[in-house]
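Structure at a glance
Residue-level listing of the chains:
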Amino acid sequence: SVLLLKELGYTKIGLIGASLGGMTALLYATLCDLMDFVFVVVPAVNLTENLMPTKKSFDFEITDEMKAMTKEVVQLITPENYTPKLPIEKIGGVVHAGDKLNDAELTRAWAQKWGVTTLTEIPGGHWVYGNKKEKGRAWYNWLKEFNFIS
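Let me begin by describing the structure that accompanies this report. (Residues numbered from 1 in each chain as written. Predicted model: local features only at pLDDT ≥ 70, side-chain atom pairs only at ≥ 80, totals over all residues. Heavy atoms only, no water.)

**A word on the pattern of salt bridges**
What counts is decided by this rule: Whenever Lys or Arg places a side-chain nitrogen within 4 Å of a carboxyl oxygen from Asp or Glu, that contact is recorded as a salt bridge. Segments assigned H or I by DSSP are reported as helices when at least four residues long, segments assigned E as strands when at least two residues long, and all are numbered from the N terminus. Each residue is placed in one exposure class: buried if its accessible area under a 1.4 Å probe, protein chains only, is under 20% of its type's maximum, exposed if it is over 50%, and partly exposed if it falls in between.
With the rule as written, the count across this model stands at two salt bridges. Between Glu105 and Arg108 there is a salt bridge, and its shortest N-O distance comes to 2.5 Å. Of this pair, Glu105 and Arg108 both sit in helix H5 (residues 104-114), three residues apart, which is roughly one turn of the helix. The class for Arg108 is partly exposed, based on a relative accessible area of 26%. The partner of Arg108 in a salt bridge is Glu121, and the shortest N-O contact between them spans 2.8 Å. Residue Arg108 is located in helix H5, and its partner Glu121 is located in strand S4 (residues 119-122); the two are separated by 13 residues in the primary sequence. Salt bridges sharing partners connect three or more residues here, namely Glu105, Arg108 and Glu121.

The following block contains the structure:
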């Protein structure tokens, strides 16, 4: 999509993504540096716990081997296991401090590992958050910083 937009003549291109879309945007940032920025909201930075098979989820025995294989496969799509090609100052986002689906602690760990310092933390969970204006301000400030809006 970025290559297509460039081919169509667009000169300013940013990627945004929330949740799994955030994970996708971060993985894209490890593949190329063609975008002006990547901005993520409650990104899924590590799905190991979410995708780990449990007895509640399946009607058969879950073995240690199955768990180990699941963890190994999930690591292939975990952004923190890669190095971004996009400069770190062009990567930012919003994390909801109480997010239980995409654990805020994992997002903080990813940001620290990559050296991302432009992560705004606000109260709330994955879908519910306390201050919509604060989330919007973080996003619009990012757009202003990269001259997408004035």
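**A few points about the packing of aromatic side chains**
Quick note on the threshold: Geometry of aromatic contacts follows a simple scheme: Phe, Tyr and Trp rings, the Trp one being its six-membered ring, pair when their centres are within 6.5 Å, and the pair is stacked under 30 degrees between planes, edge-to-face over 60, tilted otherwise. Two thresholds decide whether a charge sits over a ring: the Lys NZ or Arg CZ must be within 6 Å of the ring centre and within 35 degrees of the ring normal.
If you walk through the whole model with that rule in mind, you get five aromatic pairs. Relative to Trp142, the ring of Phe37 lies with its centre 6.3 Å away and its plane at 80°, an arrangement referred to as edge-to-face. Of the two residues, Phe37 is situated in strand S2 (residues 37-41) and Trp142 in helix H6 (residues 132-145); the sequence distance between them amounts to 105 residues. Taken together, the ring pairs in this structure connect Phe37, Phe39, Trp142 and Phe148 into an aromatic cluster. Just above the ring of Phe148 sits the side chain of Lys12; from NZ or CZ to the centre is 5.3 Å.

**Details of the nonpolar core**
Inclusion rule: To define a nonpolar core, start from buried Ala, Val, Leu, Ile, Met, Phe, Trp, Tyr and Cys residues and group those joined through side-chain atoms within 4.5 Å. By the convention used here, residues are in contact when the closest approach between their heavy atoms is within 4.5 Å.
Formed by 17 residues in total, the largest nonpolar core has its most connected members in Leu26, Met35, Val38, Ile91 and Trp110. Looking at this core, the elements that each hand over two or more residues are helix H2 (20-31), S2 and H5. The contacts of Ile91, once residues within four sequence positions are left out, are Leu26, Ala29, Val38, Pro84, Leu86, Trp110, Trp114, Val116, Thr118 and Trp142. Among the nonpolar cores identified, the runner-up in size contains ten residues, and Phe37, Ile122, Trp142 and Leu143 belong to it.

**Section: the environment of Leu47**
If you trace the backbone, Leu47 turns up in the loop between S2 and helix H3 (48-51). A relative accessible area of 11% means that Leu47 is categorised as buried. On a C-alpha basis, the gap between Leu47 and Tyr10 in space is 34 Å, while along the polypeptide they are 37 residues apart. When residues no more than four places from it in sequence are discounted, the contact partners of Leu47 are Leu20, Met23, Val74, Ile77 and Asn102.

**Focus on the side chain of Thr70**
Inspection of the secondary structure puts Thr70 in helix H4 (residues 64-75). Once residues within four sequence positions are removed from consideration, Thr70 is found in contact with Leu51, Met52 and Pro53.

**Details of the side chain of Thr48**
For clarity, the cut-off: As used in this structure description, the phrase polar contact means that two N or O atoms lie within 3.5 Å; if the pair is within protein, one of them must be able to donate a hydrogen and the other to accept it, and residues adjacent in sequence are counted only when both atoms belong to side chains.
As for its position among the elements, Thr48 is in helix H3. A polar atom in the side chain of Thr48 sits 2.6 Å from the side chain of Asn46. Polar contacts involving the side chain of Thr48 include one to the side chain of Gln75, which spans 3.1 Å. Ignoring sequence-local partners within four residues, the contact set of Thr48 consists of Lys71, Val74 and Gln75.

**Observations regarding unusual backbone geometry**
Backbone geometry follows two general trends: most residues other than glycine have a negative phi, and most peptide bonds adopt the trans configuration. One non-glycine residue with positive phi stands out, namely Ser19, at about 60°. If you trace the backbone, Ser19 turns up in the loop between strand S1 (14-18) and H2. Non-glycine residue Val42 carries a positive phi angle of around 40°. With respect to the element layout, Val42 can be found in the loop between S2 and H3.

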